[in-house]
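Descriptive analysis of the structure
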Amino acid sequence: MSIVIRGGTVVTAEQTYSADVYCENGKIVAIGENLEVPSSAEVIDATGQYIMPGGIDPHTHMQLPFMGTVASEDFYTGTAAGLAGGNTSIIDFVIPAPQQPLMEAYKQWREWSEKSAADYGFHVAVTWWSEGVKEDMATLVRDHGINSFKHFMAYKNAIMADDEILVNSFEQCVKLGAMATVHAENGELVFQLQKQLLAQGITGPEGHPLSRPPIVEGEAANRAIQIAQVMNVPIYIVHVSCKDSLDAITRARSEGQRVYGECLAGHLVIDESVYRSDDFEFAAAHVMSPPFRSKEHQAALWKGLQGGNLQTTATDHCCFCAPQKAAGKDNFTLIPNGTAGIEDRMAIMWDAGVNTGKLTMNEFVAVTSSNAAKIFNIYPQKGAIAVGSDADIVVWDPAGTRTISAATHHQNIDFNIFEGRKVTGVPTNTLSRGNLVYKEGDLRAVKGAGKYVKRKPFSPVFAAMAKQAEINKPTPVPRG
Ligand code: DUC
Ligand code: ZN
Ligand code: ZN
């Protein structure tokens, strides 16, 4: 199958130029003006439009079993909705239950994800520690294309990683050439604040942000970064939602530490007032962790993106419908945490970022695609418009408009946190490894067409860092 995209402007993280793009057998095979291609090639007319790398959402949770229920969006519906929004890859999470072998959980998630319509990979969570966990981490890196491990510093009595787990796991990460990633919230503080709020009679969703104030996130981000500094491992902080954790990242980066930060489209445009609604369903639908913050924190996140201290945007796509959220009707701590967004992230970032002048088009590509590919070591297979790269492409109409709504979205959830927002800038064509899977409102996603993307460990930087970590180990000073 071959496709040529004609008449558009190629926009990558580095360049903007006019060219046709020709794709054959899943790859980009030629880029240039007035390309001569076989007459059998399907033609996409991109006049007046941009040809960009398909979005990579590095943080999703399809069909996640969580808080007593299972996320409503599965790997097929979720990746299909992503394609409609211009995303061609996701990195989801394998989350073993405490005491569950990592390999067993990994196999389970690989089975679930076989129905994906777009390409996918996994971060694997370290939720407990043993020699077996350590060995499984090595097996996952060596044989299964995993190069990042996730640590939840929140969710006490469930999947929380305490400092002992962080230290052990980070040490193993650097030896393996794998990225350490963290959900930064102090789980003990959240637990205690939740108890205090419930004791005061605060049981509604308004208690959710009160139990997870910015300082709780800032403390955890600082701690994780400093543990990473001692262990000499690169670290990636997921869903940075506030100035407190951004400041920790900025400080560490200014001192040369290899720290990366991700922010969510939702945190950039939605504020904490949603939790004060009298409508339980509406407020509960916004319950996710970390919660939406004040406009001051939003402004700080935009500056973090603009200044390069935050490198990626994601969604934390984790869908729960109203009947699932109702589990917390009388106790906000029981509301399943999660919101959707995979279909809307690219349009939100374009509309709120590029259209307002906060981001250039090239920066848009960097933060929605290329940086994630680079940080998680799949560049330029993904995240690039280049000869030899996978033909994962979105054709973008900067003048097209859409009003976001749960009534029209493809996501398998009954609510949309961006409901009613009119965005200018929409995908018109999405190509997934050279297959035209979305064309002007017609979603042609194919169940099972997505492929698992193996990611190689990092080297030689990590090898040097691992060696340095050994050298850094404290040595006793002789007495006298
Ligand atoms: N936060 C959420 O809101 N949902 C899933 C997991 C998480 O960390
Ligand atoms: Zn999280
Ligand atoms: Zn998450």
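Our subject is the structure that appears above.
These remarks concern the structure in this document. If you're wondering where the values come from, they're calculated on a predicted model, not measured in any experiment.

For the zinc ion (ligand 3), the full set of protein donor atoms is His59 (NE2), His61 (NE2) and Asp316 (OD), at a range of 2.0 to 2.2 Å. In the primary structure, the donors to the zinc ion (ligand 3) are separated according to the pattern H-x1-H-x254-D. Here the zinc ion (ligand 3) and the zinc ion (ligand 2) are spaced 3.4 Å apart. Placement of the pair is His61 in the loop between β8 (55-60) and β9 (65-66) and Asp316 in the loop between β17 (312-314) and α12 (322-325), with a sequence separation of 255 residues. Residue classification places Asp316 among the buried residues on the basis of a relative accessible area of 8%.

Turning to the coordination of the zinc ion (ligand 2), a few remarks are in order. Around the zinc ion (ligand 2), the donor atoms from the protein are His183 (ND1) and His239 (NE2), and they sit 2.1 Å away. His239 sits in the buried class, given a relative accessible area of 1%.

The next thing to look at is the nonpolar core. Across soluble globular proteins, you tend to see nonpolar side chains buried next to one another. Residues Met52, Leu102, Phe149, Phe170, Ile235 and Ile237 are the most contacted members of the largest nonpolar core, which totals 122 residues. When residues no more than four places from it in sequence are discounted, the contact partners of Ile237 are Val182, Ala184, Ile225, Ile249, Val259, Tyr260, Gly261 and Glu262. Counting 16 residues, the second largest nonpolar core, distinct from the first, contains Ile5, Val10, Ala19 and Val395.

Near ligand 1 you find His61, Phe66, Phe152, Tyr155, His183, His239, Met288, Ser289, Asp316, Cys318, Asn337 and Gly338, and these make up its full shell. Asn337 places a polar main-chain atom, nitrogen or oxygen, 2.9 Å from a nitrogen atom of ligand 1. In the complex, the protein chains occlude 99% of the 240 Å² of accessible area that ligand 1 would expose alone. Grouping the constituent residues of the shell around ligand 1 by class yields 5 nonpolar, 6 polar and 1 charged.

Here strand β4 (residues 20-24) lies mainly inside the structure; 4 of its 5 residues are buried. Where strand β1 (residues 2-6) meets β4, 4 bridges bridge the pair, whose relative direction is antiparallel. When the sheet's bridge partners are listed, Ile5 is paired in β4 with Val21. Here β4 pairs with strand β5 (residues 27-32) via 5 bridges, running antiparallel. The residue of β5 that forms the bridge with Cys23 is Ile28.

Attention shifts here to the packing of aromatic side chains. What the rule picks out here adds up to 15 aromatic pairs. Here Tyr50 and Trp350 contribute two aromatic rings whose centre-to-centre distance is 5.8 Å and whose plane-to-plane angle is 40°, an arrangement assigned as tilted. In this pair, Tyr50 is assigned in strand β7 (residues 50-53) and Trp350 in helix α13 (residues 345-354), connecting sequence segments 300 residues apart. The exposure classification of Tyr50 matches that of Trp350, with both residues buried. An aromatic cluster is defined as three or more aromatic residues linked by ring pairs; in this entry it consists of Phe75, Tyr106, Tyr120, Phe122 and Tyr452. Sitting over the face of the ring of Tyr452, Arg110 holds its NZ or CZ atom 3.7 Å from the ring centroid. Stacked on the ring of Tyr379, the Lys or Arg Lys374 has its end atom at 4.8 Å from the ring centre.

A surface patch of negative charge is lined by Asp278, Asp279, Glu281 and Asp414. If you trace the backbone, Glu281 turns up in helix α10 (residues 280-285). Note on Glu281: relative accessible area 52%, which makes it exposed.

Rules behind the numbers
- Residues numbered from 1 in each chain as written.
- Chains lettered and ligands numbered in written order.
- Predicted model: local features only at pLDDT ≥ 70, side-chain atom pairs only at ≥ 80, totals over all residues.
- Heavy atoms only, no water.
- Donors = N, O, S within 2.8 Å, 3.2 Å for Na, K, Ca; no water.
- Helix = DSSP H or I, 4+ residues; strand = E, 2+ residues; numbered from the N terminus.
- Buried < 20%, exposed > 50% of the residue type's maximum accessible area, 1.4 Å probe, protein only.
- Core = buried A, V, L, I, M, F, W, Y, C linked by side-chain atoms within 4.5 Å.
- Contact = heavy atoms within 4.5 Å.
- Near = heavy atom within 4 Å.
- Polar contact = N/O pair within 3.5 Å; in protein donor to acceptor, adjacent residues only side chain to side chain.
- Areas by Shrake-Rupley, 256 points an atom, 1.4 Å probe, with all protein chains shown as cover.
- Nonpolar A, V, L, I, M, F, W, Y, C, P; charged D, E, K, R; others polar.
- Pairing = 2+ DSSP bridges.
- Phe/Tyr/Trp six-rings, centres within 6.5 Å; stacked < 30°, edge-to-face > 60°.
- Lys NZ or Arg CZ within 6 Å of the ring centre and 35° of its normal.
- Patch = residues over 30% accessible without salt bridge, like charges linked within 9 Å, V, L, I, M, F, W, Y side chains within 5 Å.
- Salt bridge = Lys/Arg side-chain N within 4 Å of Asp/Glu carboxyl O.
- Lys, Arg positive; Asp, Glu negative; His and termini not counted.
- Charge placed at Lys NZ, Arg CZ, Asp CG, Glu CD.

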